[in-house]
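# Structure assessment
The chain contents come next:
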Amino acid sequence: MKDFVKMTLATLLGLMIFGFVSMFMSIVMIGAIAALGETEPVMPREGILQINMSDMTLSEQGQDADPLASLTGGNAITSVGIYSAIQAINAAATDPAVKFIYMKPDMIVGGTAHIEELRAALEGFRLSGKPIVSYIETPTNAGYYLASVSDKIYMASYDGTMNMMTGVSSQLIFLKDLLDRLGINVQLIRHGKYKSAGEMFVRSSSSKENLEQNQAMVDSIWESWASKMAEARGITTKQFNSLIDDLKLNSAEDFLDNGLVDELVTKEQMQEKLAALYVTDKFSKVKSIPFAGYAKAKFTTDYKKAKVAIIYADGEIVDGKAKKEVAGDRFAELISKVRKDSTVKAVVLRVNSPGGSVVASSKIKTELDLLRESVPVIASYGNYAASGGYWISANTDKIFSNATTLTGSIGVFSMIPDIS
């Protein structure tokens, strides 16, 4: 009996100790995560502004890197908002601490309009007289489009280097055959022959109108990007398209021979060139300023001082008060609050939305129309301003769009599934 009591007490004591240790470790872990999330970026006094697209993503509104990623051995990817990214590049143009920009555009993640806006800001940076240098290992449409703004483009020459510059495409998926086999009938009710959002459920192939508008979209995006890339390298768009369409870019040497890059270099040679441009004898003396940290340090949101409010319509338009989407009730209340603020003298409505609920869109549009009675409202389009996203902004005083913004999709539709 005594042994049983001893074992029981020992077990209970062990469980208590384990519980205290677990609680302590949890507190330490939470504190470490909080510290990682709150650490302010430390910038060197001077250096090169390094834009490494594999360490960040471009988004409408930025978010800090996930601290758990670094704790579990993964890469901490920071989401940089396009507005703060543009502010950072504009600030770097006049910042004596920034000597030049070194860009690695491989593995770029971002919408077409965001990448277009970033490239436009980099064009403005070059007017300051400071150079931009890019280094490419795996060329892609978006990566080369961004790199083409540079004064010099260097490329690695590895065996097996793959060229991912193959043009722009759009893939359409149709589910009618699958739904028929499952015994599901979807009734689609719509107005507008180009309103194709529900076609995938009721057709086995694309309608003529849907195919037409997708081809127009793809052609428009490629024409915008190809013309910029060709102009930057001193060739015609026709010549550039020939390189892509005729598969003339199969190796790094092909990029060099056709004038798309200035030189093929190893990583060590690239470091030597950066050191020379930095005016130092060793690469180890070159100081790098990480772009995400610089953007965070330079980003300002003092809209009260500027008297301009920015309202982000970012996401699908839905009913209710959801926080992660453009929720009709919540958004209408927000616009009403801005309208009643006498310090606000103008409003920028930033739209990055594919549309959504008709009722929610109507609530938002009503409040925006009331807001226009007191202050000017200017619309700025991101990657999408389609359907309801376009409708809520159609009455604004001015609309500014990127060349690659997907807009339109005017019409309405409703779907009724029948599983009887």
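Residues numbered from 1 in each chain as written. Predicted model: local features only at pLDDT ≥ 70, side-chain atom pairs only at ≥ 80, totals over all residues. Heavy atoms only, no water.

## Re the overall build of the protein chain
A count of helical and extended segments in the protein chain gives 16 helices and 17 strands. Evaluated residue by residue, the protein chain yields a buried proportion of 38% over its 420 residues. Long-range pairs, those at least 24 residues apart, make up 69% of the contacts in the protein chain between residues at least 6 apart in sequence. Entry remark: accessible area of the protein chain is about 23200 Å², with carbon and sulfur atoms responsible for 57%. (Helix = DSSP H or I, 4+ residues; strand = E, 2+ residues; numbered from the N terminus. Buried < 20%, exposed > 50% of the residue type's maximum accessible area, 1.4 Å probe, protein only. Contact = heavy atoms within 4.5 Å. Areas by Shrake-Rupley, 256 points an atom, 1.4 Å probe, with all protein chains shown as cover.)

## A short note on the confidence of the model for the protein chain
Across the protein chain, the average pLDDT comes to 87, with 85% of residues at 70 or higher. Mean pLDDT per element in the protein chain: helix α2 (residues 67-71) is the minimum at 49, and strand β6 (residues 152-155) is the maximum at 98. Taken as a whole, residues 26-39 scores under 50 in pLDDT and shows ten contacts with residues more than four places along the chain or in a different chain. (pLDDT = per-residue confidence, 0-100.)

## Examining the layout of surface pockets
For the largest pocket, the calculated volume is near 1400 Å³. Forming the walls of the largest pocket are 48 residues, and the residues nearest its centre are Ala197, Pro354, Ala386, Leu406 and Ser409. Put simply, the parts of the chain that give the lining of the largest pocket at least two residues each are α7 (199-202), α8 (208-232), α15 (358-372), β14 (377-386), α16 (388-391), β16 (406-408) and β17 (412-418). In terms of residue count, α8 provides more of the lining of the largest pocket than any other element does, seven residues in total. (1 Å grid on protein atoms, 1.4 Å probe; cavity = no way out; pocket = protein on both sides within 12 Å on 5 of 7 lines; lining within 4 Å. Points joined across faces, edges and corners; volume = space filled by probe spheres on them.)

## Some details on the nonpolar core
Leu122, Phe240 and Phe291 are the most contacted members of the largest nonpolar core, which has 50 residues in total. Ranked by residue count, the leading element in this core is helix α3 (residues 82-94), at six residues. For leucine 122, the residues in contact, after removing those within four places along its chain, are Ile51, Ile89, Ile101, Met103, Ile132, Leu146 and Val149. Ala309, Phe331, Val344 and Ala379 belong to the second largest nonpolar core, which has 22 residues in total. (Core = buried A, V, L, I, M, F, W, Y, C linked by side-chain atoms within 4.5 Å.)

## Section: the packing of α3 against helix α12 (residues 291-298)
Interaxial distance between α3 and α12 falls to 8 Å at its minimum, and their mutual angle equals 90°. Overall, the two elements α3 and α12 adopt an arrangement that is roughly perpendicular. Here Ser84, Ala85, Gln87, Ala88, Ile89, Ala91 and Ala92 of α3 come into contact with α12, specifically with Phe291, Tyr294, Ala295 and Lys298. Here the residues of the contact of α3 with α12 sort into eight nonpolar, two polar and one charged. (Axes fitted to C-alpha atoms, helices over the stretch in contact; angles between N-to-C directions. Parallel < 35°, antiparallel > 145°, perpendicular 65-115°, else oblique. Nonpolar A, V, L, I, M, F, W, Y, C, P; charged D, E, K, R; others polar.)

## Some words on the pattern of salt bridges
All chains considered together, the criterion is met by 15 salt bridges. Its salt-bridge partner being arginine 350, residue glutamate 117 comes within 2.9 Å of it at the nearest N-O pair. Here arginine 350 lies in strand β13 (residues 346-353) and glutamate 117 lies in helix α4 (residues 112-126), a separation of 233 residues in the sequence. Accessibility classification places glutamate 117 together with arginine 350 in one group, the buried group. Residues joined in a network through salt bridges with shared partners are Glu60, Glu117 and Arg350. (Salt bridge = Lys/Arg side-chain N within 4 Å of Asp/Glu carboxyl O.)

## Quick word on the packing of α4 against α8
Close contact between α4 and α8 brings their axes to 12 Å; oriented N to C, the two are set at 25°. Classified by the interaxial angle, the pair formed by α4 and α8 is roughly parallel. Every pair of crossing elements has a handedness; the one defined by α4 and α8 is left-handed. From α4, Thr112, Ile115, Arg119 and Glu123 reach across to α8, where they touch Trp225, Lys228 and Ala232. A class-by-class count of the residues in the contact of α4 with α8 yields three nonpolar, one polar and three charged. (Left-handed = near helix turned anticlockwise from the far one by under 90°.)

## Some points on unusual backbone geometry
A negative phi angle is the norm for most residues apart from glycine, just as the trans form is the norm for most peptide bonds. The phi torsion at methionine 107 lies on the positive side, around 65°, for a residue other than glycine. Tracing the sequence through the fold places methionine 107 in the loop between β4 (98-104) and α4. Its relative accessible area of 61% is what places methionine 107 among the exposed residues. The phi angle at valine 279 is positive, at roughly 60°, despite the residue not being glycine. Examined against the element boundaries, valine 279 turns out to sit in the loop between α11 (267-277) and β9 (288-290).

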